[in-house]
Amino acid sequence: MNRLLFGFLLLTACGREVTAPATALIVTANISPSTFRAGDSVTVTVTVVNHSDVPQSIQLNQCNRPFVVSTSAGAVVGPDPLACFAYSAVMALAPGAKYSWSVPWLGRGSVPESTPTLIPGTYVVTGKESIRAVDNSASMTLVPTTIQVTP
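Please read these numbers as outputs of a predicted model, since none were measured by experiment.

Q: Tell me about the overall build of the protein chain, residues and numbers included.
A: Scanning the protein chain from terminus to terminus reveals one helix and eleven strands. Buried residues in the protein chain amount to 32% of all 151 residues. Excluding contacts between residues fewer than 6 apart, the proportion of contacts in the protein chain whose partners are at least 24 apart in sequence is 74%. About 9,000 Å² of surface is accessible on the protein chain, with carbon and sulfur atoms providing 60% of the total.

Below you can see the structure in the form of structure tokens.
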């Protein structure tokens, strides 16, 4: 009888669909325009949306910029550095709420002295992991966007 009950419970458990927990924070990066000449001024907008049922903490002070530029192979090549103000500002993002940063960028690489502009090609832009506050263990999905730098 115990074996029969155990088998029934095992079949019931295995028959249920197992799903992973939903991502709490979705971070998108958009570039306008998405195709531009090296050194042209573009606008980068990074948006964080709280898809969870509880408030999530995000870090508003993004030293340098709230995004990263990589080659399609994953090597980080930008953006160029900015001055950083040493302060910490954390905001509680309510369920369903979103927060956006819009910043200008000149299509420059990480080391302006040696690579003042990105070479023509395709690059991937994502928000930074540092957007999530240090005390926030919520899951985060970084949604990349592709840009094209032309000669």
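There is more to say after this.
Q: Requested: an account of the nonpolar core, with residues and values cited.
A: With 25 residues, the main nonpolar core has V46, V48, F67, W105, I131 and I147 as its most contacted residues. For this core, the secondary-structure elements that each account for two or more residues are strand 1 (25–32), strand 3 (42–50), strand 5 (67–71), strand 8 (98–105), strand 9 (121–127) and strand 11 (145–150). Those residues within four positions of V46 in sequence are excluded, and the remaining contacts are V27, T28, A29, P66, F67, Y99, S100, W101, G127 and I131.

Q: Before we move on, could you go through the sheet that holds strand 5 and cite the residues and values that matter?
A: Within the open sheet, the five strands sit side by side as 2-11-9-5-6. Their pairing is mixed. Both edges of this open sheet fall to strand 2 (35–37) and strand 6 (76–78), since each of them pairs with a single strand only. Taking each pair of neighbouring strands and ignoring which way they run, the sheet shows an average axis angle of 40 degrees. Two elements, strand 5 and strand 6, share two bridges in a ladder whose sense is antiparallel. Opposite V69, over in strand 6, you have G78 as the bridge partner.

Q: Any chance you could break down the pairing of strand 3 for me, citing the residues and the numbers?
A: Sheet topology places strand 1 next to strand 3; eight bridges connect them, and they run antiparallel. Bridging across to strand 3, S32 finds its partner in T43. When strand 3 meets strand 8, the two strands line up antiparallel, connected through eight bridges. Residue pairing for strand 8: V44 is matched across the bridge by V103.

Q: Just give me the short version of the side chain of Q59, but keep the residues and values in it.
A: Structurally, Q59 can be placed in strand 4 (residues 56–59). Relative accessible area serves as the criterion here: at 11%, Q59 is assigned to the buried category. Within the structure, the side chain of Q59 is placed 3.1 Å from the backbone nitrogen of A89, a separation counted as a polar contact. In contact with Q59, other than residues within four places in its own chain, are S88, A89, V90, W101, S130, I131, R132 and A133.

How each quantity is defined
- Residues numbered from 1 in each chain as written.
- Predicted model: local features only at pLDDT ≥ 70, side-chain atom pairs only at ≥ 80, totals over all residues.
- Heavy atoms only, no water.
- Helix = DSSP H or I, 4+ residues; strand = E, 2+ residues; numbered from the N terminus.
- Buried < 20%, exposed > 50% of the residue type's maximum accessible area, 1.4 Å probe, protein only.
- Contact = heavy atoms within 4.5 Å.
- Areas by Shrake-Rupley, 256 points an atom, 1.4 Å probe, with all protein chains shown as cover.
- Core = buried A, V, L, I, M, F, W, Y, C linked by side-chain atoms within 4.5 Å.
- Pairing = 2+ DSSP bridges.
- Axes fitted to C-alpha atoms, helices over the stretch in contact; angles between N-to-C directions.
- Polar contact = N/O pair within 3.5 Å; in protein donor to acceptor, adjacent residues only side chain to side chain.

From the geometry alone we can't say anything about function, so treat these as descriptive.
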